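The lines below spell out each chain.
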Amino acid sequence: DSGVTQTPKHLITATGQRVTLRCSPRSGDLSVYWYQQSLDQGLQFLIQYYNGEERAKGNILERFSAQQFPDLHSELNLSSLELGDSALYFCASSPSPGIYTDTQYFGPGTRLTVL
Amino acid sequence: SQQGEEDPQALSIQEGENATMNCSYKTSINNLQWYRQNSGRGLVHLILIRSNEREKHSGRLRVTLDTSKKSSSLLITASRAADTASYFCATDGGGSNYKLTFGKGTLLTVNP
């Protein structure tokens, strides 16, 4: 158990809908990272937050957004869902702001299925 | 495209044998990490090797890094069925680019 929690575990929804994925980092970790894992694209970095502020951006679509709250939990919002958004979404956390390479601790993931 | 590319894509061995996986990357790096993922679950950090290190050990794991060839290898000795998983290398972009980029992974199957 990494100490990172994600909810829900599974999510099934329809195209065009909007969903919110939630992540609670390990106690004491200030950085939260979001990743998308699919068979064709592999594990893709989406976005990082550090202590409430966006720190780094990866291959995140404009239909996706994220935020980190004062209690350090984070939410990833996916809107206007398409079939291709079906994937495993992972959250990871680390102590540092990403000013140096850090070990990241991954949550168990949310499996999103868009029908 | 992926910064790190693992090779082979899949590897099947018998329990007790050694498993070697390779990773190649494209740009300079600060560090390279190896992670493990059991089917459909979160990734677990295994080991981090810095760009000025050539070899590192952790239990049954041995990682080497050759920055001149931009490659790394992960050796798992005396494999067990429980080692069955996908293994990923992750690299940053070097300099002040600390974002991790993961390869597509090697699927290791250890047969009892």
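All residue numbers here refer to positions counted from 1 along the written sequence of the relevant chain. Numbering of ligands from 1 and lettering of chains from A proceed in the order in which they are written. Local features in this predicted model are restricted to residues of pLDDT 70 or higher, and side-chain atom pairs are both shown and tallied only at a pLDDT of 80 or more, whereas totals for entire chains, interfaces and linings draw on every residue. Values shown for side chains rest on all heavy atoms present in the structure; no hydrogens or waters enter the calculation.

Trainee: Explanation requested: the overall build of chain A in the structure shown.
Mentor: Strands are runs of DSSP state E lasting at least two residues, helices are runs of H or I lasting at least four, and both sets are numbered from the N terminus onward. Assigned secondary structure in chain A consists of zero helices and 11 strands. Listing every helix and strand of chain A by position from the N terminus yields β-β-β-β-β-β-β-β-β-β-β. Its C-alpha radius of gyration of 13 Å places chain A within 12% of the 13 Å reference for a compact globule of 115 residues. Along the first, second and third principal axes, the C-alpha set of chain A runs to 40 × 25 × 25 Å. Note on exposure labels: buried denotes an accessible area under 20% of the residue type's maximum, exposed denotes more than 50%, and partly exposed covers the range between, all computed with a 1.4 Å probe on protein chains only. Considering chain A as a whole, with its 115 residues, one finds that 54% of them fall into the buried category. The long-range share in chain A, meaning contacts at least 24 apart out of those at least 6 apart in sequence, stands at 56%. Computing the positive centroid from 8 side-chain charges and the negative centroid from 11, chain A places the two 3 Å apart. The size measure is the radius of gyration over C-alpha atoms, and the globule rule it meets is 2.2 Å times the number of residues to the 0.38 power. Contact criterion: two residues are considered in contact whenever any of their non-hydrogen atoms come within 4.5 Å of each other. In this tally, Asp and Glu contribute negative charge and Lys and Arg positive charge; neither His nor the terminal groups of the chain are included. In this description, the location of a charge corresponds to atom NZ of lysine, CZ of arginine, CG of aspartate or CD of glutamate.

Trainee: Mind showing me how you'd approach the state of the cysteines here?
Mentor: Note on terminology: a disulfide is the covalent bond linking the sulfur atoms of two cysteines. Cysteine sulfur atoms that pair up within 2.5 Å are treated as a disulfide. Counting across every chain of the model gives two disulfides over all chains. Two residues, Cys 23 of chain A and Cys 91 of chain A, share a disulfide whose sulfurs are 1.7 Å apart. Negative torsions about the S-S bond denote left-handed disulfides, and the value of about -45° found for Cys 23 of chain A with Cys 91 of chain A makes this one left-handed. Of this pair, Cys 23 of chain A sits in strand 3 (residues 19–24) while Cys 91 of chain A sits in strand 9 (residues 87–94); the two residues are 68 residues apart in sequence, bridging distant segments of the chain. Taken individually, Cys 23 of chain A and Cys 91 of chain A each receive the classification buried, so the pair is uniform in this respect. In this model Cys 23 of chain B forms its disulfide with Cys 89 of chain B; the gap between the sulfur atoms is 2.0 Å.

Trainee: Help me out: how do you make sense of the interface of chain B and chain A in this one?
Mentor: As a measure of interface size, the accessible area lost when the parts come together is often cited. Contacts between the two partners involve 19 residues from chain B, matched on the other side by 23 residues from chain A. Buried area counts how much accessible surface, traced with a 1.4 Å probe, disappears from two parts once they are put together, with both parts' losses summed. Where chain B abuts chain A, roughly 1,500 Å² becomes buried across the two surfaces, and 53% of that area is made up of carbon and sulfur atoms. Definition of a polar contact: a pair of N or O atoms within 3.5 Å, with one able to donate and the other able to accept a hydrogen when the atoms are protein atoms, and with sequence-neighbouring residues admitted only if both atoms are side-chain atoms. Linking chain B with chain A are three residue pairs in polar contact (both at pLDDT 80 or more). Counting only elements with at least two residues in the side of chain B that touches chain A, the list comes to strand 4 (31–37) and strand 5 (43–50) of chain B.

Trainee: Is there a simple way to explain the sheet that holds strand 8 (residues 74–78) of chain A in this structure?
Mentor: Strand pairing in a sheet relies on backbone hydrogen bonds. The paired strands run either parallel or antiparallel. Residue and element names in this part refer to chain A. Strands were regarded as paired on the criterion that DSSP finds at least two bridges between them. The strand order across the open sheet built from four strands is 1-3-8-7, with neighbouring strands paired in antiparallel fashion. Since the sheet does not close on itself, it has two edges, and those belong to strand 1 (5–7) and strand 7 (64–68), each with one partner. Looking at each pair of strands side by side, their axes are set apart by 15° on average, direction ignored. Bridge count for strand 7 against strand 8 is five bridges, and the pairing is antiparallel. To define axes, lines are fitted to C-alpha atoms, for helices over the stretch in contact only, and angles between the resulting N-to-C directions are given on a 0 to 180 degree scale.

Just geometry here; none of it tells us what the structure is for.
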